[in-house]
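Structure assessment
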Amino acid sequence: MFISNAYAQTAGAADASMMSNLSTFVPLILMFVVMYFLMIRPQQKRAKEQKAMMDALAKGDEVVTVGGILGRVSRVTDAYVTVEVAPNTEIVVQKASVTTLLPKGTLKGL
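The notes below deal with the structure included here. (Residues numbered from 1 in each chain as written. Predicted model: local features only at pLDDT ≥ 70, side-chain atom pairs only at ≥ 80, totals over all residues. Heavy atoms only, no water.)

Some points on the pairing of strand β2 (residues 70-76)
As a general feature of sheets, a regular strand has side chains that alternate between the two faces. Here is the rule: DSSP-based pairing: two strands are paired if at least 2 bridges between them are found. The way it works is that DSSP assigns letters per residue, a run of H or I at least four long becomes a helix, a run of E at least two long becomes a strand, and they are numbered from the N terminus.
With 3 bridges connecting them, strand β1 (residues 62-65) and β2 associate as antiparallel partners. Counterpart to Glu62 in the pairing with β2 is Arg72. Where β1 folds back onto β2 in an antiparallel hairpin, the turn is made up of 4 residues, including Gly68, whose phi is positive at roughly 90 degrees. Alignment of β2 against strand β3 (residues 80-86), held across 4 bridges, turns out to be antiparallel. Its bridge partner being in β3, Arg75 is matched across the sheet by Thr82. In this antiparallel pair of consecutive strands, β2 and β3, the connection spans 3 residues.

With respect to the pairing of β1
Here is the rule we go by: Exposed residues in this analysis have more than 50% of their type's maximum accessible area, buried residues have under 20%, and partly exposed residues fall in between, with area computed by a 1.4 Å probe over protein chains only.
Burial along β1 is two-sided: Glu62 and Val64 facing one way and Val63 and Thr65 facing the other are all buried. With 4 bridges joining them, β1 and strand β5 (residues 98-102) adopt antiparallel strand pairing. Across the sheet, Val63 pairs through a bridge with Leu101, a residue of β5.

Description of unusual backbone geometry
With phi around 65 degrees, Asn88 is a residue other than glycine that occupies positive phi space. Position of Asn88 among the secondary structure elements: in the loop between β3 and β4 (89-94).

Details of the pattern of salt bridges
Where charged atoms from two side chains of opposite charge approach closely, those side chains can pair. Test applied: In the sections that follow, a salt bridge refers to a side-chain nitrogen of Lys or Arg positioned within 4 Å of a carboxyl oxygen of Asp or Glu.
Tallying each qualifying case throughout the model produces 3 salt bridges. Among the salt bridges present, the one from Lys104 reaches Asp61, with a minimum N-O distance of 3.4 Å. Of this pair, Lys104 sits in the segment after β5 while Asp61 sits in the loop between α1 (11-55) and β1, placing them 43 residues apart in sequence. In this structure, Glu62 and Arg72 form a salt bridge, with 2.8 Å as the shortest nitrogen-oxygen distance. With a gap of 10 residues between them, Glu62 in strand β1 and Arg72 in strand β2 connect regions that are remote in the sequence. Residue classification places Glu62 among the buried residues on the basis of a relative accessible area of 3%. Residue Arg72 is classed as partly exposed on the basis of its relative accessible area, which comes to 30%.

If you want it as structure tokens, here you go:
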């Protein structure tokens, strides 16, 4: 009289709850997909371009370093680059500190 009867649920109700649990994860999955295309993929592309530029450095290239120093490459080794910043003045920097490869003749125009 005071206790109500408990009936077993049907199989259709279990499928609906499974579908609702899955639909709660859809926004989370969508957020990760958007983050990949807006943040991770462009960063990987830029890193690949930077690595290709560092591998292609050669004697005579005009470069800009991370510190803003402009100069002409006079020697390239595996990990270091010797940059001539003025006549008879050379500095040795790491390859990773070279940020930009300038077009030929840029230093003469400055």
